Amino acid sequence: MLRKLCVFLCLGCVLLLFSCSSTKKDVEQDPDFLGDYEPIQLENAMGWVTLFGKEKPKEIELYFVPRTNRVEMYFRDLQNRVCIILTPEHRKMMTDAALQFMAEQEAGNMPDRKANSKNYYSQSVCTVGWGVTGIARTTNKSKLQFNYEYFNDKRPYFLMKALPAPDREEPDVYSPTIEVYFSPAQLEAIYELLNQEALQALVDELDEKAYAY
């Protein structure tokens, strides 16, 4: 009996070690894993939202998550605190759409129109969180659109829009519509914060401090 118990315990230890090494290996091979560090708060970005039909500047909190190479954008929209999570693919899509927007804007080749579900630059699906006091609900099915719209001072602004989608736990509850507008200058500023080279530089700096001897 004692011999069987020892064999069982040894086998359990081997399985535990194999599981740990496999997990570590999987993490190291994950292309979105940049480092085992806590989220990094970036400089706040500035954009615009509409509240009760009026334009209002909005400061946006940005956090970079090295473990997943994602960026989380937080701000308060009416009664909700909302969050949009941008993967590397989302950020690349946003950059491409922004470059097209700025090229058209500089060329003066932008018709005055209302942004809708058919005339966006690009579209994807993203994760959105929301809640009154904090992020209490999430959905991973929100359609994320990049577009432009004449706004504020009647000039074209870049538009990032997340459409309503069902909550993961309660499908009858939907996320709010989230619309954030950026002027060309604000768009350039947020690109400086979110481009992959800038984010990688933050991880490199942490690596240098972590492995200094």
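Residues numbered from 1 in each chain as written. Predicted model: local features only at pLDDT ≥ 70, side-chain atom pairs only at ≥ 80, totals over all residues. Heavy atoms only, no water.

A. Quick peek at the pattern of salt bridges. Across all of its chains, the model carries 10 salt bridges by this definition. Measuring nitrogen to oxygen at the nearest pair gives 2.7 Å for the salt bridge that ties R67 to D36. Of this pair, R67 sits in the loop between β3 (54-65) and β4 (70-77) while D36 sits in the loop between α1 (2-29) and β1 (40-41), placing them 31 residues apart in sequence. The shortest N-O distance in the salt bridge between K114 and E149 comes to 3.2 Å. Here E149 lies in strand β7 (residues 137-151) and K114 lies in the loop between α2 (88-107) and β6 (122-131), a separation of 35 residues in the sequence. Owing to a relative accessible area of 58%, K114 belongs among the exposed residues under this scheme. (Salt bridge = Lys/Arg side-chain N within 4 Å of Asp/Glu carboxyl O. Helix = DSSP H or I, 4+ residues; strand = E, 2+ residues; numbered from the N terminus. Buried < 20%, exposed > 50% of the residue type's maximum accessible area, 1.4 Å probe, protein only.)

B. Focus on the packing of α2 against helix α3 (residues 184-194). One way to put it is that α2 packs onto α3 with a least axis distance of 11 Å and a crossing angle of 150 degrees. As summarised for this structure, α2 and α3 are arranged roughly antiparallel, according to the angle between their axes. The two elements α2 and α3 cross, and the hand of that crossing is left-handed. Counted together, R91, M94, T95, A98, F101, M102 and Q105 of α2 and P184, L187, E188, I190, Y191 and L194 of α3 form the full contact between these two elements. The residue makeup of the contact of α2 with α3, split by class, is nine nonpolar, two polar and two charged. (Axes fitted to C-alpha atoms, helices over the stretch in contact; angles between N-to-C directions. Parallel < 35°, antiparallel > 145°, perpendicular 65-115°, else oblique. Left-handed = near helix turned anticlockwise from the far one by under 90°. Contact = heavy atoms within 4.5 Å. Nonpolar A, V, L, I, M, F, W, Y, C, P; charged D, E, K, R; others polar.)

C. Looking closely at the packing of aromatic side chains. Counted under the stated rule, the structure contains nine aromatic pairs. Ring plane angle 90 degrees and centroid distance 5.7 Å describe the contact between Y63 and Y74, whose orientation is recorded as edge-to-face. Residue Y63 is located in strand β3, and its partner Y74 is located in strand β4; the two are separated by 11 residues in the primary sequence. A relative accessible area of 15% places Y74 in the buried class. Here the aromatic rings of F101 and Y148 are separated by 6.4 Å at their centres, their planes lie at 40 degrees, and the arrangement is tilted. (Phe/Tyr/Trp six-rings, centres within 6.5 Å; stacked < 30°, edge-to-face > 60°.)

D. Focus on the side chain of Q145. Assignment of secondary structure puts Q145 in strand β7. Of the residues examined, Q145 reaches a relative accessible area of 4% and is grouped as buried. Of the polar contacts made by the side chain of Q145, one reaches the side chain of Q123; its length is 2.6 Å. Apart from residues lying up to four places away in sequence, Q145 is in contact with N116, S117, Y120, S122, Q123, L159, M160, K161 and L163. (Polar contact = N/O pair within 3.5 Å; in protein donor to acceptor, adjacent residues only side chain to side chain.)

E. Region of interest: α2. Taking 1.5 Å of rise per residue, 20 residues should cover 28 Å, and α2 covers 29 Å from first to last C-alpha, within 8% of that figure. Within the sequence span of α2, burial applies to P88, H90, R91, M94, A97, A98, F101 and M102. G108 sits one or two positions beyond α2 and adopts a positive phi of about 70 degrees. (Expected span 1.5 Å × (residues − 1).)

F. Quick look at the pairing of β7. Across eight bridges, β6 lies against β7 in antiparallel orientation. Following the sheet pairing, V128 is matched in β7 by T139. Here β6 folds back onto β7, and the loop between the two strands holds five residues. The hairpin formed by β7 and strand β8 (residues 155-162) contains three residues between the paired strands, and N152 there has a positive phi angle of roughly 60 degrees. (Pairing = 2+ DSSP bridges.)

G. Geometry of the nonpolar core. By size, the foremost hydrophobic cluster in this structure holds 41 residues, and its most contacted members are L62, F158, M160 and F182. With five residues, the top contributor of residues to this core is α2. Dropping the residues within four chain positions of it, F182 is found in contact with M46, G47, I60, M73, M94, Y157, F158, M160, L187 and I190. Listed in part, the six residues of the second largest apolar core include W48, A115, F151 and Y181. (Core = buried A, V, L, I, M, F, W, Y, C linked by side-chain atoms within 4.5 Å.)

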